[in-house]
Every structure is written in C-alpha cells, then in structure tokens.
Amino acid sequence: MMQNFVYDQLLCRVVFGAGSFGTLAAEVDRLGLSRLLVLSTPGQSRLAEDAGRHLGSRAISLYPHAKMHVPIETAEAARAEARRLGVDGTVAIGGGSTIGLAKAIALESGLPIVAVPTTYAGSEMTPIYGLTEGGAKRTGRDPKVLPRTVIYDPILTLGLPAKVSGPSGMNAIAHCVEALYAENANPVISLMAEEGIRALARGLPRIAVDPGDRDARGDALYGAWLAGISLGAVGMALHHKLCHTLGGSFNLPHAETHTIVLPHAVAYNSGAAPEAMARIARALSAAEAASGLYDLAASIGAPLALEEIGLQEQDLDKAAEIATRNPYYNPRPISREGIRRLLEDAFHGRRPS
Ligand code: NAD
C-alpha cells in the first residue's frame, strides 16, 4: 500500500565502535573546536578525566556537576561557567542527565555539543531538551541542542550495572515501539525502530547474565542509537505520556517506569495498530507484542509491577485522571476507564494475555 509521509533528516555525525572514545580529540578538531568544557555527573568524573586526557590542551575545564532532570539552578551555574571560561563547545560524557546539561547550555548559547553516551536513554540523538523548575519539568524542541557529533563506544558501557542496563534498554525499546505507531510515522524511521528493538532484545538478556559481554554491549548500544533516532524523529503517544505522568507526579524512577508500563500500553493499543504490533513481535521473535515485551523484561530481571517501585494503590485514580486530562494523539482513543484498567494491570505486574 502506498504511504504519504514527511521525513525530516536531522544532521548529526555518528562514530560507533569499541575503542571509538579514542577518536574524541580528532572529532573535536574536525568541528574546529579548541576550548571545551567537559561535563559529567559526579559519579562519572573519572571518565571525564579520561576525556580530558584525550583532549589535552583543548579541555579548558572539567565540570562534573550534572544532575538528574537538569534542575534550572544546575543549568544556570553551568551556563555561567561556560561564559566565564569562554569555551567554544562542550563534551557531554554520560547518560541523559549529562547530555541534558549540555543541551541547557546550548539552548542559551548555541555552543556545539560532542556527546559520548554511556547509557541507552537516547537523548544524544534528539533536539529535545528538558529543564526542571519549581518541581515541574518543561520540555521543548530546538535544533540548537542536537549534538553535532556522537561517539558511541560500547566499552564505556561495560560498567553500567546489570540492574540499570536492563531498564535503560527497555526505555530505549519504548521509543522504538511508539515510533512504529506514531502519528507521523514514516517508513525510514520504522525500519530503524524495528531494527532497534531487535538489537536491544538480542543484547539485553546477555548483558543480564554477563554485564562484561562486549558483543552484547555493542548490540544494545547500537539498538539504543536507533531508538534515540526514532524518539527524535517522530512523536510519541500513550506510553510516554503515562510515564511522564508517573515520573513527574509520583516521582517514580524513569527507566523502571518505562519498563513496567510498556507491555500494558502496547496491549491497550494492540487492536488499533496491527502492523506495528506485527513488527514488534517479529523483532522480539515472540508470538505477540505485549506479552513478548513482558517476557523480555521478566527474563532480564527488571521490575514488573508499579507497586514494586513505590506507587501506592490509592494513586491509581489520580494517575488516570492526570494522564487523561489533556488530549493527545494515540492510535486507540483514550478512555479514562481503559487507562485506569491499564494502570491497575501495571500496578500488579500482570502478564498481558
Ligand atoms: P542518568 O544520565 O541520570 O544516569 C544515571 C546514573 O548512572 C548517573 O548517576 C550516571 O552517572 C550513571 N552512569 C551513566 N552511565 C554509566 C556507566 N556507563 N557506568 C556507570 N554508571 C553510569 O540517566 P539516563 O537514564 O541516561 O537519563 C535519564 C534522563 O535523561 C531523564 O532525565 C530523562 O528525562 C532524560 N532523557 C532525555 C531525552 C531527550 O531527548 N531530551 C531522551 C531520553 C532521556
């Protein structure tokens, strides 16, 4: 069947491979940058020091102060430091929090970003930024915040603990899943999204058994790259909306919430997006999409129930109310009762049938 579609190509250079971190200085030179601020979280400051060694005199300073969800105070302090030092770019080495801080700097100054991701969150492939102010996270899109160059080195992910890697990878799978039934889905992104699910489903179970398995780390990071492209290129739907609600209003952990909700959001949408469901099932080598995602999460030892990660049963009504307050695109129309049932299944961790 012929499709009509719009496809926006985002411009970003990607260097992928074991040992590719060693190309950092050459990649910075390629962009004509010579005064860099190297960002990380406090926990990853050793890696930032390694980046500093690779960069030599191009590293003007290290800034290991990135924090989860980019609090506005953290963003303002980093912007002031970038101005004070007169840097001409940033190197963000770490997960979505560190890349988010680089984006906050770029949003104000336009300073180009070289990103070296070490989780599977996918922020490095998107023009989406987020800033937290007064307890609320504000997100927006701006082409200025899309990194110019991204270096994916699976070796840097070997230290990501198995219990963090699994949910982080399921979060990436969620980007691919919703890309397949997005309002503005297109055939190129759908190819990448399906391949992203396949690569992550191949890598994650092996990482759960042996976090030091380099080939499995390569598969997962490759899948996470494709997931990040999918997230940046097309709009998301019910699943991301629910996770945003649960994370923002009930302070639940980001990746674990995605892991638990995904099979239930997919079950909710299954009748309304049959082609996407067939592609998800095919990529998982499973009989069916929703139960296949549940079984993958179970096989890697990820949490399966919202009650395990701190949601209270009395919060379900409020969560359903918040998540259905404003209209948004979803392949199956949103009903308050349907979402309440979905959340209850996710609360108890029931396997979708
Ligand atoms: P994170 O960046 O907060 O990292 C989690 C923790 O793991 C940090 O303490 C970090 O120092 C540590 N860590 C990271 N990599 C490691 C490694 N390889 N080995 C050992 N420790 C490591 O978490 P995240 O899941 O990467 O990102 C989540 C954040 O990113 C959320 O705020 C989310 O909203 C945002 N996000 C934004 C986008 C976007 O497009 N803007 C996309 C996805 C996620």
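Please read these numbers as outputs of a predicted model, since none were measured by experiment.

**Some thoughts on the side chain of Thr-74**
By the secondary structure assignment, Thr-74 is in helix H3 (residues 72–85). Overall, Thr-74 belongs to the buried group, its relative accessible area being 9%. Dropping the residues within four chain positions of it, Thr-74 is found in contact with Tyr-63, His-65, Lys-67 and Leu-101.

**Some words on the sheet that holds strand S1 (residues 13–16)**
The strand order across the open sheet formed by 6 strands is S1-S8-S5-S4-S2-S3, and the pairing between neighbours is parallel. Taken across any chain shown, the strands that pair with only one partner, and hence form the sheet edges, are S1 and strand S3 (59–63). Neighbour to neighbour, the strand axes of the sheet diverge by 15° on average, direction disregarded. With 2 bridges joining them, strand S5 (residues 113–117) and strand S8 (residues 149–152) adopt parallel strand pairing. Its bridge partner lying in S8, Val-114 is registered against Thr-149. Lying on the sheet, helix H4 (residues 96–109) is in contact with strand S2 (36–39), S3, strand S4 (89–94) and S5; it crosses S4 at an angle near 165°. The strands touched by helix H7 (residues 214–233) within the sheet are S1 and S8, with S1 carrying the most contacts at an inclination of about 170°.

**Considerations on the layout of surface pockets**
Roughly 440 Å³ of internal volume is contained in the second largest pocket. The wall of the second largest pocket is formed by 20 residues, among which Gln-3, Leu-180, Ala-185, Ser-190 and Glu-275 lie closest to the centre. Of all the secondary-structure elements, those providing two or more residues to the lining of the second largest pocket are helix H6 (187–209) and helix H10 (274–284). Broken down by element, the lining of the second largest pocket gets its largest block of residues, 4 residues, from H10.

Cut-off values and rules
Residues numbered from 1 in each chain as written. Predicted model: local features only at pLDDT ≥ 70, side-chain atom pairs only at ≥ 80, totals over all residues. Heavy atoms only, no water. Helix = DSSP H or I, 4+ residues; strand = E, 2+ residues; numbered from the N terminus. Buried < 20%, exposed > 50% of the residue type's maximum accessible area, 1.4 Å probe, protein only. Contact = heavy atoms within 4.5 Å. Pairing = 2+ DSSP bridges. Axes fitted to C-alpha atoms, helices over the stretch in contact; angles between N-to-C directions. 1 Å grid on protein atoms, 1.4 Å probe; cavity = no way out; pocket = protein on both sides within 12 Å on 5 of 7 lines; lining within 4 Å. Points joined across faces, edges and corners; volume = space filled by probe spheres on them.

Everything listed here is a matter of coordinates, which is why it stays silent on function.
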